[in-house]
Every structure is written in structure tokens, then in C-alpha cells.
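Fold and contact review
Take a look at the letters that make up each chain.
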Amino acid sequence: MKKLIAGCLLALPLLAPALAQAQAYPSKPIRWVVPYPAGGGSDFLARTIGQTLSTQAGQPVLVDNKPGGNTAIGAADVARSPADGYTVLSADNGTMIFNSALYKSLSYSPTKDLAPVTLMGRFPMILVVGPAVTAKDAKEFIAQIKASPDGVNYGSAGAGSPHHLAMELLKVEAGLKMTHAPYRGAAPALADVAGNQIPAMMVDLAAGAGFIKGGKVRPLAVANAKRLPQLPDVPTFAELGYKNVEAAALVGMVVPAATPQATVDALNKRVVAAIHEPAVKQKLIDFGVEPVGSTQAEFAALIQSETTRWHKLIKDLHITLD
């Protein structure tokens, strides 16, 4: 017992600085790196939560957009930053899950260089088609693709994006012949679906709401466990017999891997509180985001399970971006 007490007393000087830092956190501005251009879903999420986080914490939260490299540029920037909780990253499936399978070499390691803080929100994928598509529903559309010897082309927000891999998942599960046409962002892809240049794509509601509400594209099915409240008449793929077709852009917050646990805990507490602020929560829902605000352990477990699922698909289909 004496040895145990002595050991604990010796450890106190080591724990004290981390605990003191966590209690005072944040004591200066937080730089929030978003690896996408301003105006997109990840940017909206960061700015909406960041504004409330700033008010509640009494420190500025500065959003820094660093697009490029399928989020790798922003991720590498944060991985090299001081591990003190004052540089954070909005990280999606591409950052933490897809990139390590799509690229032979990365400028960062999702597992070694970055640590999860919380899953902030989900952007469920929706299958949409253009006005020239005659199918009344998803079942009929799938039947039309199967009946076509050449299959169809489909658009996405970019190679390696959640939109791209969600359609590849549908292609495998439904046994379809489809050819990928990657775009630089969801907006130009949606414009071409609306203009009948390509027949279909997977899109999240945040990016596609304007096109859907305006009747420029038609939603046929959602890749979600349950119907979306914003689209109550649109069935899930599970309802159509494709229970494995679930896909969403998962956007969380991560920090440099060496960030002290006490600081991560303090950051998680503040970010989750901001997400659950009623006005913030409603703003996210209105934009098409499913607010989450998970624990660090829950986010870490999700990353692990999603990595297993998507890496298998990417490997089986021999998808590479190198």
C-alpha cells in the first residue's frame, strides 16, 4: 500500500500541468482547419458550431479553409501542428477512412497522427436522378439500369468522396453496371444531373436540397437506416431490399495525436455542448445535417468499424487514386 501511495504521489507532478491546462482551456484562439473550400457542408458545420463554441468558451474560433488532396493537405497541416488543443480539424470519411485505402502513400497517418474528439454530424446520402429519367421510383430505375447493356454513367462530388463510394456500394449490392464521372464538388455534378448530362448521383441533403426542392432533380431513395424527416416520402434502400446500402458523409473533429487526454476531454465537452445548443441543433437540421456530438470512444469505434467496411469495398473493386 505504501508503495502504491508513493507511486501516486510521484505521478502527481506529471499530471498537474495537463490538468491545469485542461481547466484553463481554452485560454487563446482556436484555429479550426476545414479541408474544403468555404461554403460547403463541412465549412457550414465548422462555422455554425465554432461560433457558439467561441461564445461559450470566451475565445475566438478562427476557421481556416485548406482544401486539396482529398482533404490530405488540411489533415497534414493539423498533424504537424502543436498538440495543445488549439489546432483542430474537421475530418470526414475521406480523411480518416477512405484515403488510407485509396492512396499508396499519404502525407499523414489517420491512426498515428490524428486523434478523434467527437463525431459532429452525419450527412446521409440520397440517390437523385435528372428529369429525363422515366423511372417512377428506385426499383424501376435499378431495373432500367440492369436492362441496359451499357449501364449508365453517374456523377459524384469527386473521386474518393462519400458520394462516389456510396454509389459504388449500391453498384455492388444491386449488381449494376455504372461508370463513374467525377466532378469537382457536388454543385457542378448536380447541375449536370439537372441538365440531363448524366442521369444520377448520390448527394447529401445539405448540397442537394435546393435542387430537390426546386424540382430540378428527383430523390429516389436514401442510404440511411431510417427515412429522412425532410424527405418523408422517400424510402430507404433497406425498404427496397438493399439493407447494406447505408452511406453518409461523417464529419468529426480530430486533433494532433499527442494532444493531452485532459485537453481532448475538455474540447469534447465544449464542442458537444455547442452541438446540443437548441438553436445550433435546429440550424444544422435545417441545413440537412444530422447532429450527433458523440464521445471520443464512440467516434473512435465508428472510425474502426467503417474502416473495415469501406476498405473491403475499395479493395474488392480495385479503386485507387494514385
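Relevant structure appears above.
Residues take numbers from 1 onward in each chain, read along the sequence in its written order. Local features in this predicted model are restricted to residues whose pLDDT is 70 or higher, and side-chain atom pairs enter the listing and the counts only when it is 80 or higher, whereas totals over whole chains, interfaces and linings include all residues. The basis for every side-chain value is the complete set of non-hydrogen atoms in the structure, without hydrogens or water.

**Quick look at the packing of helix 2 (residues 41–57) against helix 9 (residues 261–275)**
Where helix 2 contacts helix 9, the axes come no closer than 9 Å and their chain directions differ by 115°. As for the relative orientation of helix 2 and helix 9, their crossing is right-handed in sense. Across from I49, T52, L53, Q56 and A57 in helix 2, the residues of helix 9 making contact are R270, V271, A273, A274 and I275. Put simply, Ala, Val, Leu, Ile, Met, Phe, Trp, Tyr, Cys and Pro go in the nonpolar bin, Asp, Glu, Lys and Arg in the charged bin, and everything else, Gly too, in the polar bin. Its residues assigned to classes, the contact of helix 2 with helix 9 shows 7 nonpolar, 2 polar and 1 charged. Whenever a helix is involved, its axis is fitted only over the stretch in contact; in every case the axis is a line through C-alpha atoms, and angles between N-to-C directions fall within 0 to 180 degrees. Secondary structure follows DSSP: runs of H or I at least 4 residues long count as helices, runs of E at least 2 residues long count as strands, and numbering of each begins at the N terminus. Here a crossing is called left-handed whenever its near helix is offset anticlockwise from the far helix by less than a right angle, and right-handed whenever the offset is clockwise. Here, residues are in contact when the closest pair of their heavy atoms is within 4.5 Å.

**Overview of the packing of aromatic side chains**
Think of it this way: a Phe, Tyr or Trp ring, Trp meaning its six-membered ring, pairs with another when their centres are within 6.5 Å, and the plane angle makes it stacked under 30 degrees, edge-to-face over 60, tilted otherwise. All chains considered together, the criterion is met by 3 aromatic pairs. Ring plane angle 50° and centroid distance 5.1 Å describe the contact between Y25 and Y86, whose orientation is recorded as tilted. Taken together, the positions of Y25 in the loop between helix 1 (2–24) and strand 1 (30–34) and Y86 in the loop between helix 3 (72–79) and strand 3 (87–91) put the pair 61 residues apart, joining distant regions of the chain. Ring plane angle 15° and centroid distance 3.7 Å describe the contact between F44 and F287, whose orientation is recorded as stacked. Of this pair, F44 sits in helix 2 while F287 sits in helix 10 (residues 278–287), and the two are 243 residues apart along the sequence. Accessibility expressed as a relative area gives 22% for F287, which makes it partly exposed. Note on geometry: a ring has a charge over it if NZ (lysine) or CZ (arginine) is within 6 Å of the ring centre and within 35 degrees of the ring normal. For the cation-ring pair, K28 lies above Y86, with the distance from its terminal atom to the ring centre recorded as 4.8 Å. For every residue, the accessible area obtained with a 1.4 Å probe (protein chains only) is divided by the maximum for its type, and the residue is called buried under 20%, exposed over 50%, and partly exposed between those limits.

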